[in-house]
Amino acid sequence: MSVQEGISPSPSTGDSGRVSLVNNPRVRGFIFQLITAIIIAVVLYIFVTNAQTNLRSQGIATGFGFLDQPASFDVNQSLIEFTQNATYGRVLLVGILNTLLVAAVGIILATIIGFMVGIARLSPNWMVRTLGTIYVEVTRNLPPLFQIFFWYVVLIKFSPSPRDSFSLFNAFFYSNRGLYMPSVVLGNGAIFIELSIVIAVVLALVVRYWARKRQEQTGEQFPVLWTAIGLIIGLPLIVSAIFGFPITFDVPELGGFNFRGGTRVIPEFVALTWALSIYTAGFIAEIVRAGIMAVSHGQTEAAGSLGLRPGPTLRLVVIPQAMRVIIPPLTSQYLNLTKNSSLAVAVGYPEITAIFAGTTLNQTGQAIEVIAITMCVYLTISIVTSIFMNWYNRRVALVER
Amino acid sequence: MSVTQTAAAVPQSQASTRHAIELIDVNKWYGEFHVLKDINLQVSRGERIVICGPSGSGKSTMIRCINRLEEHQKGRIFVDGTELTNDLKKIDEVRREVGMVFQHFNLFPHLTILENCTLAPIWVRKMPKKEAEEVAMHFLAKVKIPEQAKKYPGQLSGGQQQRVAIARALCMRPKIMLFDEPTSALDPEMVKEVLDTMVSLAEEGMTMLCVTHEMGFARQVADRVIFMDYGQIIESNEPNEFFANPQHERTKKFLADILH
Amino acid sequence: MIDTAIPNQVFVRSQLVETLPAPKSEVGPLAWARANLFSGPINSLLTIIGFGLLAYILFALLDFLVLRAVWTGENREACLGPEVGACWPFIKAKFGQLVYGFYPVDERWRPNLVFLLGAILIVPLMVRTAPFKLANAVLFFVVYPVVAFFLLQGDVLGLPLVSTRIWGGILVTLVVAVVGIVASLPLGIVLALGRRSQLPIIRFASIAFIEFWRGVPLITVLFFATYMLPLFLPRGLEFNGLLRALVGVSLFAAAYMAEVVRGGLQAIPRGQYEGAMAVGLGYWRMMFLIILPQALKLVIPGIVNTFIGLFKDTTLVLIVSILDLLGQLRAAFADPNWATPVTEFTGYAFAGFFYFFFCYGMSRYSRYVERRLNTGHKR
């Protein structure tokens, strides 16, 4: 703000008749800053010396050496191998990965639900609109922790025991122990299937490029989306047929009181991810609604008067403009969801806050290091996101001007 | 130009082909509000009509019915022989032939001037990009702003934006052009450049319906001036007679008000 | 009568067309239903599905909460039937605990008085036409917290001491939310001014502070306040758990508040700053007399929204063993005297209504203010 130039904060503003040096805004600004810096430094110094005395007197170790020590507890869900004698460093890694897993699944789910509800809120159909409004008002006005507890209880109460579990195709089993599903076991020739997926994606991109070029030259349009879907599903199917379906599934089986084999999704993960998605979707819905409403009605009318159908109008005129309004707040909702995944600690899903800031802190007592690392992880995610946001805003701003 | 007839007596096939636009007994309501009352209007090919009237008189609504931005509830509307009904195909057909220019330009702010002009030809007329760009440059040259093609609407003045909007509509090579108060949102010094563009368009024989209060423009190019009030057509005459010799009380009062 | 002539070349209307009522198909409930519910086969289907869904949800709620609910009883026995709905005697039995925690029964008039005082002060603050806004605000933001603290904690004026350790329930929920907002507002204002300052060290320190707290989840802040903060303080200066949590919540909320206030400061037109300087006001007077009063008025909806967020976030204190409403509720679930299959749902229904009532009410208020501001002075 250039209007503030020459006026610097000083508690003694207004005292006139002093020596000019004190009234010189630059000098005042300098003194004011110096005082602030000294206060900050003194507070930090006091904190550090206090911490040193306190740690010494309580016999708490310092430093990051504990990361190499074995953690003597188990983790009930891990994306990477986790054994009994894994280190606290490994615990941290498992926690980060589990946080990212909740964030990724939650973001996808919340986006799908949020866009659907947001569009429903703009529906010409009163019933659909009303349901959308009820969804938004209810989900946004109940604390996320409350919602997590609620869904957790629902899952536990209404889930059968493993013996009576719901099953789908005799391969997916749902019970109070969580969701068991077949895991993929790759046999000989599976590499070709993986390869064919890559090829299909590349082909789809080629088709898109070709279709664009052709449209530029001849004006002919081509159903790129359907072709791409067909390619990405079809090609791997054909390849696996050629190799005699070298993929087998490890199907879970009921043995005794629990299942063997397959992949297990623990109910804590389901409750947490589901509740956070439902909660965040309410906010996303409002963002989407506001974004679409921000595109003036005149834009749709102008497109209509040029003969564009509603579909292309949406794709070429409304969405590109709405997205510019939607993306920045949407990103901050994604960030909120990621930060809210720390609520996992309340239901015992092993992400970073629960097993690192929780269990690890309890066992090692090294509060300063543990909390600093935990905060750094979240800060890193936040900073990366805001770098992306700045980049996006700059890009959009460039288009505008 | 046709003689005065009763609407009912006009055989349809004849009526629909002979005129560029024909409105027969058109009525429209917004909820309980009766906005258009028994509108009967025939526009011949190449005819230029200026529609004026106080705000809320239904003039904008009327021309917006012609490309179905608004739906009428009673009566019939034919555009170039095609009747406007709920049939989407017919609506598409009509919209391809009818260009429209809005009061607030409604340019697409996320697209360059050139992209604004080529969007519809590419996606509706399925024109190759290069050809669409040539067409666009042709019309941008015609509205005298070819050098702005790579800029975005936000970088242009109001008058320039409105001229781009005219060029954008022309790129679809419409047979009929509708203007909905094209100069009302402009600063005074920019009105002329837009009107000049419209005059040159009129001189080329485009069928035009203009809702405007620019009486100079009406005198210069209109074949007919229509005065609307209370949702109906009150008076219609060729411009000199209309301005020199208004018949209806409402017309006299309106003209007295706007010409002070 | 209708002119039959087609206005082609020359036409003058001799008689105005009468205004006719809209055709039956355009107005009235039937037309509304057709346009809004049954405008096509897909819409009709959606309407029917939507109606079915809504009816199902409403009926299930009514059925559980009212029709099949148990209204009287002394212990779990009453709520053990096979087809039993909500177990309201459980809420009745635990009501004191849910509202006051373990605050002594004989002293509960104190929190009640605090609630009452708060309501008396906050209602006129929210009504635009009520007089003495400034005095009212000072009372609520400065005097009230002090009075409320001594009233609740006691140990003065002959009031017996009630340790914060045994406070709980809705009392704690409200204490955390109100302290959070009262402490975060001044801190947020200072940070917002700092962030817009020309002085690099001040600006940098403010940005670092704001972005740090906004970048981490509240739980880690509560962990920080609970486990890390005590290490930074000299020995002997012991905070109790609630106070530590309050420090964490206040720092956290201040960062968000700073961004809200900054939005308001940015919305004040440059002319206001120039005008203030032109009449010779210095920085602080300009800010406190001219800019901030306007900026704060503009961001009332933002402040209320921050408060709603804070209100929802108060639930997190249960993770550091401070039992707010949700925490007391979960503690009550553990009581074997009331262990029934429906206890938890009953409890969550009660808490759900409480949170929804508050948050929805506040969000309506913030939207109302927003609308008023929008129509008040458009720029």
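For clarity, every value in this text was computed on a predicted model and none was experimentally measured.

Basis of the calculations
Residues numbered from 1 in each chain as written. Chains lettered and ligands numbered in written order. Predicted model: local features only at pLDDT ≥ 70, side-chain atom pairs only at ≥ 80, totals over all residues. Heavy atoms only, no water. Contact = heavy atoms within 4.5 Å. Buried area = accessible area lost by both parts, 1.4 Å probe. Salt bridge = Lys/Arg side-chain N within 4 Å of Asp/Glu carboxyl O. Polar contact = N/O pair within 3.5 Å; in protein donor to acceptor, adjacent residues only side chain to side chain. Pairing = 2+ DSSP bridges. Helix = DSSP H or I, 4+ residues; strand = E, 2+ residues; numbered from the N terminus. Axes fitted to C-alpha atoms, helices over the stretch in contact; angles between N-to-C directions. pLDDT = per-residue confidence, 0-100. Nonpolar A, V, L, I, M, F, W, Y, C, P; charged D, E, K, R; others polar. Domains from an automatic or database assignment. Disulfide = S-S within 2.5 Å. Buried < 20%, exposed > 50% of the residue type's maximum accessible area, 1.4 Å probe, protein only. UniProt positions renumbered as here; feature names shortened; annotations may be inferred. Core = buried A, V, L, I, M, F, W, Y, C linked by side-chain atoms within 4.5 Å. Expected span 1.5 Å × (residues − 1). Parallel < 35°, antiparallel > 145°, perpendicular 65-115°, else oblique. Left-handed = near helix turned anticlockwise from the far one by under 90°.

### Thoughts on the interface of chain A and chain B
So, step 1. Of the residues lining the interface, 26 residues belong to chain A; the matching set on chain B comes to 31 residues.
So, step 2. When the two sides are added together, the surface that chain A and chain B hide from each other amounts to roughly 2600 Å², 57% of it contributed by carbon and sulfur.
So, step 3. If you look at where chain A meets chain B, you find two salt bridges.
So, step 4. A salt bridge links B:Asp92 to A:Arg309, with the shortest nitrogen-to-oxygen separation between them at 2.3 Å.
So, step 5. For the pair chain A and chain B, the number of links is six residue pairs in polar contact (both at pLDDT 80 or more).

### Regarding the sheet that holds strand E1 (residues 21-30) of chain B
All names here are of chain B.
So, step 1. The sheet built from four strands is open, its strands ordered E2-E1-E4-E5 with antiparallel pairing. Both edges of this open sheet fall to strand E2 (33-43) and strand E5 (82-83), since each of them pairs with a single strand only.
So, step 2. As defined by bridge partners, strand E4 (residues 74-79) adjoins E5 across two bridges and the pair is classed as antiparallel. Its bridge partner lying in E5, phenylalanine 78 is registered against glutamate 83.

### Quick look at the sheet that holds strand E3 (residues 178-181) of chain A
All names here are of chain A.
So, step 1. Reading across from one edge, E1-E2-E3-E8 is the order of the four strands in this open sheet, with antiparallel pairing throughout. The open sheet has two edge strands, strand E1 (166-168) and strand E8 (263-265), and neither has a second partner. The average undirected angle you get between the axes of adjacent strands in this sheet is 15°.
So, step 2. Here E1 pairs with strand E2 (residues 172-175) via three bridges, running antiparallel. For phenylalanine 166, the partnering residue across the bridge sits in E2 and is tyrosine 174.

### Re the confidence of the model for chain A
So, step 1. Counting all residues, the mean pLDDT for chain A is 83, and 92% of those residues have values of 70 or more.
So, step 2. Confidence over residues 1-18 of chain A falls short of pLDDT 50; this stretch has 43 contacts with residues more than four positions distant or in other chains.

### Observations regarding the interface of chain A and chain C
So, step 1. The interface of chain A with chain C comprises 67 residues on the first partner and 68 residues on the second.
So, step 2. Taken together, the links from chain A to chain C amount to two salt bridges.
So, step 3. As a salt-bridge pair, A:Lys157 and C:Glu344 come within 3.1 Å of each other at their nearest N and O atoms.
So, step 4. Applying the counting rule to chain A against chain C returns 16 residue pairs in polar contact (both at pLDDT 80 or more).
So, step 5. Elements supplying a minimum of two residues to the side of chain A that touches chain C: helix H2 (25-58), helix H4 (126-140), helix H5 (144-158), helix H8 (267-294), helix H11 (352-364) and helix H12 (367-400) of chain A.
So, step 6. With 14 residues, the single largest contributor to the side of chain A that touches chain C is H2(A).
So, step 7. Tallied by class, residues from the side of chain A that touches chain C come to 42 nonpolar, 19 polar and six charged.

### Some points on the domain arrangement of chain A
So, step 1. Under the domain assignment used here, chain A contains domain 1 (20-59), domain 2 (88-169 + 267-396) and domain 3 (183-250).
So, step 2. Distance from the C-alpha centre of domain 1 of chain A to the C-alpha centre of domain 3 of chain A: 62 Å.

### Some details on the state of the cysteines
By definition, a disulfide links the sulfur atoms of two cysteine residues through a covalent bond.
So, step 1. Using the criterion set out here, one finds one disulfide over all chains in the structure.
So, step 2. Each disulfide pairs two cysteine sulfurs, and for C:Cys79 the partner residue is C:Cys87, the sulfurs being separated by 2.0 Å. Measuring the twist about the S-S bond at about 65°, one finds the C:Cys79-C:Cys87 disulfide to be right-handed. In this structure, C:Cys79 and C:Cys87 share a single accessibility class: buried.
So, step 3. Free cysteine: B:Cys65, not disulfide-bonded; nearest cysteine sulfur from B:Cys210 at 17 Å.
So, step 4. Residue classification places B:Cys65 among the buried positions, given a relative accessible area of 1%.
So, step 5. Here B:Cys171 is not cross-linked by a disulfide; its sulfur's nearest cysteine counterpart is in B:Cys117, at 4.5 Å.

### Considerations on the environment of B:Ile113
So, step 1. If you trace the backbone, B:Ile113 turns up in helix H4 (residues 113-123).
So, step 2. Separated by 66 residues in the primary sequence, B:Ile113 and B:Phe179 have C-alpha atoms spaced 20 Å apart.

### Points about the UniProt feature "transmembrane region" (unreviewed entry) in chain C
Residue and element names in this part refer to chain C.
So, step 1. Within this numbering scheme, the UniProt entry marks residues 44-67, 109-127, 134-154, 166-194, 215-233, 245-265, 286-308 and 345-363 as carrying the feature "transmembrane region" (unreviewed entry).
So, step 2. Helix and strand shares over residues 215-233 are 84% and 0% respectively, and the end C-alpha atoms of the span are 24 Å apart.
So, step 3. The straight-line gap between the two end C-alpha atoms of residues 286-308 is 31 Å; of that span, 96% is helix and 0% is strand.

### Some details on the nonpolar core
So, step 1. Counting residues in hydrophobic clusters, the biggest one holds 168 residues, and the most contacted among them are A:Phe356, C:Trp167, C:Phe224, C:Leu265, C:Leu326 and C:Tyr355.
So, step 2. Among the elements that make up this core, the one with the highest residue count is helix H9 (residues 241-267) of chain C (14 residues).
So, step 3. Those residues in contact with C:Tyr355 that sit more than four places away from it in its chain are A:Asn141, A:Leu142, A:Pro143, A:Phe146, C:Thr173, C:Phe311, C:Thr315, C:Asp324, C:Leu325, C:Leu326 and C:Tyr360.
So, step 4. Formed by 52 residues, the second largest nonpolar core is a distinct cluster that contains B:Ala132, B:Phe139, B:Val194 and B:Ile234.

### Brief notes about helix H3 (residues 88-100) of chain C
Residues and elements named next belong to chain C.
So, step 1. Taking 1.5 Å per residue as the helical rise, H3 with its 13 residues ought to reach 18 Å, and the 18 Å between its terminal C-alpha atoms agrees with that figure.
So, step 2. In terms of burial, H3 is a largely internal element, ten of the 13 residues being buried.
So, step 3. Within H3, the full set of buried residues consists of Trp88, Pro89, Phe90, Ile91, Lys94, Gly96, Gln97, Leu98, Val99 and Tyr100.
So, step 4. Of the residues flanking the end of H3, it is glycine 101, one or two places downstream, whose phi is positive at about 70°.

### Considering the environment of C:Asn43
So, step 1. Looking at the secondary structure, you find C:Asn43 in helix H2 (residues 41-67).
So, step 2. The class of C:Asn43 is buried, set by a relative accessible area of 16%.
So, step 3. In contact with C:Asn43, other than residues within four places in its own chain, are A:Asn125 and C:Leu37.

### Points about the pairing of strand E3 (residues 48-52) of chain B
Residue and element names in this part refer to chain B.
So, step 1. Among the five residues that make up E3, four are buried, leaving the element largely enclosed by the rest of the structure.
So, step 2. In terms of strand pairing, E3 meets strand E8 (residues 207-211) through four bridges, oriented parallel. Its bridge partner being in E8, isoleucine 49 is matched across the sheet by leucine 209.
So, step 3. Here E3 pairs with strand E9 (residues 224-229) via four bridges, running parallel. In the strand pairing of E9, isoleucine 49 is matched with arginine 224.

### Comments concerning the side chain of B:Arg163
All names here are of chain B.
So, step 1. Topologically, arginine 163 is positioned in helix H6 (residues 158-170).
So, step 2. The buried category is assigned to arginine 163, whose relative accessible area is 10%.
So, step 3. Residues in contact with arginine 163, not counting those within four places in the same chain, are Val143, Lys144, Ile145, Glu193, Val194 and Thr197.

### Some thoughts on the pattern of salt bridges
So, step 1. Enumeration over the complete set of coordinates arrives at 27 salt bridges over all chains.
So, step 2. One salt bridge connects B:Glu181 with B:Lys59, and the closest N-O pair in it is separated by 3.7 Å. Taken together, the residues B:Glu181 in the loop between strand E7 (176-180) and helix H7 (188-203) and B:Lys59 in helix H2 (residues 59-66) connect sequence positions 122 residues apart. Grouping residues by exposure puts B:Glu181 and B:Lys59 together as buried.
So, step 3. Three or more residues are tied together by salt bridges with common partners; here these are A:Glu301, B:Lys28, B:Arg64 and B:Glu70.

### Details of the pairing of E2(B)
If a strand is regular, its side chains alternate between the two faces of the sheet.
Residues and elements named next belong to chain B.
So, step 1. Counted residue by residue, E2 has ten buried out of eleven residues, so it is predominantly covered.
So, step 2. The sheet contact formed by E1 and E2 spans seven bridges and is antiparallel. Paired with glutamate 22 across the strands is glutamine 42, a residue of E2.

### Points about the packing of helix H3 (residues 88-120) of chain A against H8(A)
Residues and elements named next belong to chain A.
So, step 1. Two elements in contact, H3 and H8, have axes separated by 6 Å at closest approach and are oriented at 40°. With respect to their mutual orientation, H3 and H8 come out oblique. In the crossing of H3 with H8, the sense of the turn from one axis to the other is right-handed.

### Digging into the environment of C:Ala205
All names here are of chain C.
So, step 1. By the element assignment, alanine 205 lies in helix H7 (residues 200-215).
So, step 2. Assessed through its relative accessible area of 25%, alanine 205 is described here as partly exposed.
So, step 3. Spatially, the C-alpha atom of alanine 205 lies 8.1 Å from that of arginine 195, the residues being ten residues apart in sequence.

### Observations regarding the domain arrangement of chain C
So, step 1. For chain C, the assigned domains read domain 1 (30-67) and domain 2 (162-373).
So, step 2. Placing a centre on the C-alpha atoms of domain 1 of chain C and another on those of domain 2 of chain C gives a separation of 39 Å.

### Things to note about the UniProt feature "transmembrane region" (unreviewed entry) in chain A
So, step 1. Cross-referencing UniProt, the feature "transmembrane region" (unreviewed entry) maps to residues 30-48, 91-120, 179-211, 223-249, 269-288 and 370-392 of chain A in the present numbering.
So, step 2. In the segment residues 179-211 of chain A, helix accounts for 67% and strand for 21%; the C-alpha atoms at its two ends are 43 Å apart.

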